[in-house]
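One-letter residues, chain by chain:
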Amino acid sequence: MAVGDVTKNLQSIAAGAYLDIQPSGTAEWVIHNIYHEYDVQLEVYDGTNSLIFDIDSGTGVYAKYAFHCTNAQRIRVKNTHTSVAKLIGYDGIVTHT
């Protein structure tokens, strides 16, 4: 990917599992939108420490944000449903390669 390209993903995430928004290597992304089909929990995660900073109920979108993600520090989105996989997605821009 080149600087300015769109990065995006949409996955079915198992109950209690995470979608990690984590670029590889030295790449850096700014994530603008996170979409979710059911209840979610957002965290900043560095591989060791996890900071839960928001919980949202129901279907929704975190729109027009600027979540900065690197390989070392990323955003994790947890599907908090207890038994069913749900869709979670995101889009943003590559800012460094």
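Relevant structure appears above.
These figures come from a predicted structure and were not determined experimentally. (Residues numbered from 1 in each chain as written. Predicted model: local features only at pLDDT ≥ 70, side-chain atom pairs only at ≥ 80, totals over all residues. Heavy atoms only, no water.)

Caption draft 1: Local environment of the overall build of the protein. Helix and strand counts for the protein come out as zero helices and nine strands. Start at the N end of the protein and walk to the C end: the helices and strands fall as β-β-β-β-β-β-β-β-β. Compactness check: the protein gives a C-alpha radius of gyration of 13 Å against a globular reference of 13 Å for 97 residues, within 12% of the reference. Projecting the C-alpha coordinates of the protein onto the three principal axes gives extents of approximately 35 × 25 × 20 Å. A burial count over the protein gives 34% of its 97 residues as buried. Across the protein, every contact between residues at least 6 apart in sequence was considered, and the portion connecting residues at least 24 apart equals 77%. Within the protein, the 10 negative side-chain charges are centred at a point lying 4 Å from the centre of the 6 positive side-chain charges. (Helix = DSSP H or I, 4+ residues; strand = E, 2+ residues; numbered from the N terminus. Rg over C-alpha atoms; globule rule 2.2 N^0.38 Å. Buried < 20%, exposed > 50% of the residue type's maximum accessible area, 1.4 Å probe, protein only. Contact = heavy atoms within 4.5 Å. Lys, Arg positive; Asp, Glu negative; His and termini not counted. Charge placed at Lys NZ, Arg CZ, Asp CG, Glu CD.)

Caption draft 2: Region of interest: the nonpolar core. Core analysis: the largest hydrophobic core is formed by 17 residues, its most contacted members being Ile21, Ile31, Ile34 and Val77. If you list the elements that add at least two residues to this core, you get β2 (18-21), β3 (28-36), β4 (40-45), β7 (67-69), β8 (74-79) and β9 (86-96). The residues contacting Val77, other than those within four sequence positions of it, are Ala17, Tyr18, Leu19, Ile21, Ile34, Val40, Gln41, Leu42 and Ile88. (Core = buried A, V, L, I, M, F, W, Y, C linked by side-chain atoms within 4.5 Å.)

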